[in-house]
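# Results of the structural survey
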Amino acid sequence: MNTQKKKIAICEYRCETNSFNPSLSDMQYFIRGGIYEGREMYEALHNKPCAVGGMIQAAEQAGASIVTLYSMHGNSGGPIDDAVITHFLEKTISQLRLELPVEGLFVSLHGATQTATRDDACGYILEQLRTVVGPDTMIAASCDLHANVTKLMQNNADYICGYHT
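Residues numbered from 1 in each chain as written. Predicted model: local features only at pLDDT ≥ 70, side-chain atom pairs only at ≥ 80, totals over all residues. Heavy atoms only, no water.

### Thoughts on the overall build of the protein
Keep this limit in mind: Put simply, DSSP marks the helices as runs of H or I at least four residues long and the strands as runs of E at least two long, and each gets a number from the N terminus on. Here the globule rule is a power law, 2.2 Å times the number of residues to the power 0.38, and the radius of gyration is based on C-alpha atoms. Exposed residues in this analysis have more than 50% of their type's maximum accessible area, buried residues have under 20%, and partly exposed residues fall in between, with area computed by a 1.4 Å probe over protein chains only. Whether two residues are in contact is decided by their heavy atoms: any pair within 4.5 Å suffices. Computed with the Shrake-Rupley method and a 1.4 Å probe, the accessible areas treat only the protein chains shown as cover for residues. Neither His nor the chain termini are counted; the positive set is Lys and Arg, and the negative set is Asp and Glu. Taken as the charge location is NZ of Lys, CZ of Arg, CG of Asp or CD of Glu.
Across its full length, the protein holds 6 helices and 6 strands. Along the protein, from the amino end to the carboxyl end, the secondary structure elements read β-α-β-α-α-β-α-β-α-β-α-β. For 165 residues, the compact-globule estimate of 2.2 N^0.38 gives 15 Å, and the C-alpha radius of gyration of the protein, at 15 Å, lies within 12% of that figure. Considered along the principal axes of its C-alpha atoms, the protein spans approximately 55 × 30 × 30 Å. Each of the 165 residues in the protein was classed as buried or not, and the buried ones make up 48%. Taking as baseline every contact in the protein between residues at least 6 positions apart, the subset at least 24 positions apart corresponds to 76%. Taken as a whole, the protein presents about 8500 Å² of accessible surface, with 49% of it coming from carbon and sulfur. Of the side chains in the protein, 12 bear a positive and 18 a negative charge, and the two mean positions are spaced by 6 Å.

### A look at helix α5 (residues 121-133)
To be explicit about the condition: Under the convention used throughout, the expected extent of a helix is 1.5 Å for every residue step, that is, one less than its residue count.
Here α5 is 13 residues long and its end C-alpha atoms lie 19 Å apart, about the 18 Å a rise of 1.5 Å per residue gives. Judged by how many residues are buried, α5 sits mostly within the fold: 10 of 13 residues are covered. Of all the positions in α5, only Ala121, Cys122, Gly123, Tyr124, Ile125, Leu126, Leu129, Arg130, Val132 and Val133 are classed as buried. Looking at the buried residues of α5, the elements they touch are β1 (7-14), α4 (82-99), β4 (104-109), β5 (138-144) and α6 (151-156). Of the residues one or two after α5, glycine 134 is the one with positive phi, at around 85°.

### Comments concerning the sheet that holds strand β6 (residues 159-163)
The condition is simple: DSSP calls a pair of strands paired once it identifies at least 2 bridges connecting them. Here the axes come from fitting lines to C-alpha atoms, over the contacting stretch only for helices, and the angles between their N-to-C directions go from 0 to 180 degrees.
The strand order across the open sheet built from 6 strands is β2-β3-β1-β4-β5-β6, with neighbouring strands paired in mixed fashion. At either end of the open sheet lies a strand with only one pairing partner, and these are β2 (35-37) and β6. On average, each strand axis in the sheet is inclined to that of its neighbour by 20°, with strand direction left out of account. Here β4 pairs with β5 via 5 bridges, running parallel. Its bridge partner being in β5, valine 107 is matched across the sheet by alanine 141. Sheet strands in contact with α5 are β1, β4 and β5, and its direction is about 165° off that of β4.

### Description of the pairing of β4
Counted residue by residue, β4 has 6 buried out of 6 residues, so it is predominantly covered. Along β4, one buried face is formed by Gly104, Phe106 and Ser108 and the opposite face, lined by Leu105, Val107 and Leu109, is buried too. Relative to β4, β1 is paired through 6 bridges, and the arrangement is parallel. Bridge assignment links alanine 9 to a residue of β4, and that residue is leucine 105.

### Considering the pairing of β5
We count it as follows: When the strands point away from the viewer and the connection leading from the first strand across the helix to the second strand turns clockwise, the crossover is called right-handed.
Burial analysis of β5 places 6 of its 7 residues in the buried class, the great majority of the element. Traced from β4 through α5 to β5, the parallel crossover comes out right-handed. The sheet contact formed by β5 and β6 spans 5 bridges and is parallel. Within β6, the position partnered with alanine 141 by the bridge is isoleucine 160. The parallel pair β5 and β6, bridged by α6, forms a crossover whose chirality is right-handed.

This is the structure:
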């Protein structure tokens, strides 16, 4: 009998884009909103009324081992500077590679995020994460209830869950 706990990795890139806002949202925008890495992410967001807090709670209640990777949070703003998405993916993927294999990857997204060059930043993030964990690892994404759920998101996540509060 295998008594080893299932390992679940959690990351977050939450930002809603207002495409009519002409100002690019840069790294300073996310520093103001909150950036957490590793255990700091767990300490900041567990037991909080947010998507990551709910992910941590559900995984712990199921007896899983939690690995918090990287979190960047911004409020509604203009399109994201592409360098910010690159930064998020580099930090998240480098941490994720250290933790492989994982049985699941929980990803907190907004679902309506654009960059200066991509209309579907959330789909792109999921696609890049899928290339790291492979096709057999479950990826579950949470999105705000008015997310733009795209084909790219659907192709790279096993579950997409919208939430109201």
